[in-house]
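# Analysis of the macromolecular model
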Amino acid sequence: MESKIPLRPKEIHATSRLGWLRAAVLGANDGILSTSSLIIGVASAHATQGSILLAGISSLAAGAMSMAAGEYVSVSSQADSEKADLAREKKELGSSWDAEVSELAGIYRQRGLDDILSRKVALQLMKHDALGAHARDELGISDATAARPVQAAFASASAFSSGAILPVLAALLSPASVVSWSVSAVSLIGLAVLGVVGARAGGASPWRPAMRVIFWGIVAMAVTAAIGRIFGVQT
């Protein structure tokens, strides 16, 4: 009776989530910093609480749409390049099969296989899925890395909004007299948490990244507060 080899559960490695986690942390960090700085600048100009909230909500909406549009355009350009490369590769497979086999075998030789084995592997993979093999090993395109403009735009906007909502809520729930202080405190705590999360995801010590992002957060908020006070005095 033939014994069956038990299937192992699919392994999930930390490197598989570093890309999107890093992007999410950066987007949320941008949302906190830009929105809190704008709110503090407007509050420092002695604006009404309604105006402060309007500025914060406008910053959230404009920033999220800007991030989404920028990401969509950027990733769409990447997707167009990938489609052009795949079309070119498909044409080459139809006209120069042997040359493409040799090209793929050369890639495997560079990775450590001997001449005979590298050619056998190239032939076997190309018989199964020639375009897929060249897309993955020659062009570096796979299902996991393929450009997805809509998904990228939504993720970018969501990450920004998740960060920007913190200073907006702090401004909403605080008396007008202490808006700047409460927004500053909430935002710096949020920035510190994101610094720790980003460092942990990359396997680094969390303290230096957290202090770095707090420092630059204080600088940004101080600059906009100074601008708000200057223009508040003039008006």
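Rules behind the numbers
- Residues numbered from 1 in each chain as written.
- Predicted model: local features only at pLDDT ≥ 70, side-chain atom pairs only at ≥ 80, totals over all residues.
- Heavy atoms only, no water.
- Helix = DSSP H or I, 4+ residues; strand = E, 2+ residues; numbered from the N terminus.
- Buried < 20%, exposed > 50% of the residue type's maximum accessible area, 1.4 Å probe, protein only.
- Areas by Shrake-Rupley, 256 points an atom, 1.4 Å probe, with all protein chains shown as cover.
- Core = buried A, V, L, I, M, F, W, Y, C linked by side-chain atoms within 4.5 Å.
- Contact = heavy atoms within 4.5 Å.
- Salt bridge = Lys/Arg side-chain N within 4 Å of Asp/Glu carboxyl O.
- 1 Å grid on protein atoms, 1.4 Å probe; cavity = no way out; pocket = protein on both sides within 12 Å on 5 of 7 lines; lining within 4 Å.
- Points joined across faces, edges and corners; volume = space filled by probe spheres on them.
- Nonpolar A, V, L, I, M, F, W, Y, C, P; charged D, E, K, R; others polar.
- Polar contact = N/O pair within 3.5 Å; in protein donor to acceptor, adjacent residues only side chain to side chain.
- UniProt positions renumbered as here; feature names shortened; annotations may be inferred.
- pLDDT = per-residue confidence, 0-100.
- Axes fitted to C-alpha atoms, helices over the stretch in contact; angles between N-to-C directions.
- Left-handed = near helix turned anticlockwise from the far one by under 90°.

A tally of regular secondary structure across the chain gives seven helices and zero strands. Along the chain, from the amino end to the carboxyl end, the secondary structure elements read α-α-α-α-α-α-α. The 235 residues of the chain split such that 35% are buried. Carbon and sulfur atoms make up 65% of the accessible area of the chain, which totals about 14,700 Å².

A separate point is the nonpolar core. Formed by 26 residues in total, the largest nonpolar core has its most connected members in Ile-39, Ile-52, Ala-171, Val-179, Val-183 and Leu-191. Contacts of Val-179, omitting those with residues within four sequence positions, involve Ile-39, Ala-43, Gln-49, Ile-52, Ala-171 and Ser-174. In terms of nonpolar packing, the next biggest core, distinct from the first, is built from ten residues, Leu-104, Ala-105, Ala-130 and Ala-133 among them.

Turning our attention to the pattern of salt bridges. Overall, the coordinates contain two salt bridges when judged by the stated rule. The salt bridge partner of Arg-88 is Asp-85, with a shortest N-O separation of 2.7 Å. Taken together, the residues span about one helical turn, with Arg-88 and Asp-85 both in helix 2 (residues 49–95) at a distance of three residues. Arg-88 gets classed as partly exposed once you look at its relative accessible area, which sits at 45%.

Space inside the second largest pocket adds up to approximately 400 Å³. Within the residue set of the lining of the second largest pocket, elements represented by two or more residues are helix 1 (15–44), helix 6 (179–201) and helix 7 (207–234). For the lining of the second largest pocket, the class distribution of residues is twelve nonpolar, five polar and one charged.

For the rest of this paragraph, the subject is the environment of Leu-113. With respect to the helices and strands, the residue Leu-113 is situated in the loop between helix 3 (97–110) and helix 4 (115–137). In this structure, Leu-113 is in contact with Tyr-108, Ser-118 and Val-121, ignoring residues within four places of it in sequence.

If you check the backbone angles, His-46 has positive phi at about 65 degrees while not being a glycine. You can see His-46 is positioned in the loop between helix 1 and helix 2.

What follows concerns the side chain of Ser-37. Checked against the element boundaries, Ser-37 lands in helix 1. With relative accessibility at 6%, the residue Ser-37 sits in the buried group.

Below, the discussion takes up the side chain of Ser-182. One can find Ser-182 in helix 6. Within the structure, the side chain of Ser-182 is placed 2.7 Å from the side chain of Ser-174, a separation counted as a polar contact. In this view, Ser-182 contacts Ala-170 and Ser-174; residues no more than four positions away in its chain are not counted.

Now for the UniProt feature "transmembrane region" (unreviewed entry) in the chain. When the UniProt feature table is mapped onto this chain, "transmembrane region" (unreviewed entry) is found at residues 152–173, 179–201 and 213–232. For residues 152–173, the helix share is 100%, the strand share is 0%, and the end-to-end C-alpha distance is 32 Å.

As a further point, take the confidence of the model for the chain. In this model, the chain carries an average pLDDT of 82, and 85% of its residues clear a pLDDT of 70 or more. Per-element averaging of pLDDT across the chain places helix 1 at the bottom with 80 and helix 5 (residues 149–173) at the top with 91. With pLDDT under 50 throughout, residues 11–18 is counted as low confidence; its partners more than four residues away or in other chains account for two contacts.

It is worth spelling out the packing of helix 2 against helix 4 at this point. Following both chains from N to C, one finds helix 2 and helix 4 inclined at 145 degrees, their axes separated by 9 Å at the closest point. Crossing hand, helix 2 versus helix 4: right-handed. For the pair helix 2 and helix 4, contact is made by Leu-86, Glu-89, Lys-90 and Leu-93 and by Met-126, Ala-130, Leu-131, His-134 and Ala-135, respectively. In the contact of helix 2 with helix 4, the residues fall into six nonpolar, one polar and two charged.

Orientation of helix 2 relative to helix 3, taken along the N-to-C sense of each, is 115 degrees, at an axis distance of 5 Å. Residues Glu-89, Glu-92, Leu-93 and Ser-95 of helix 2 form the contact with helix 3, whose participating residues are Trp-97, Glu-100 and Glu-103. Residues belonging to the contact of helix 2 with helix 3 are distributed by class as follows: two nonpolar, one polar and four charged.

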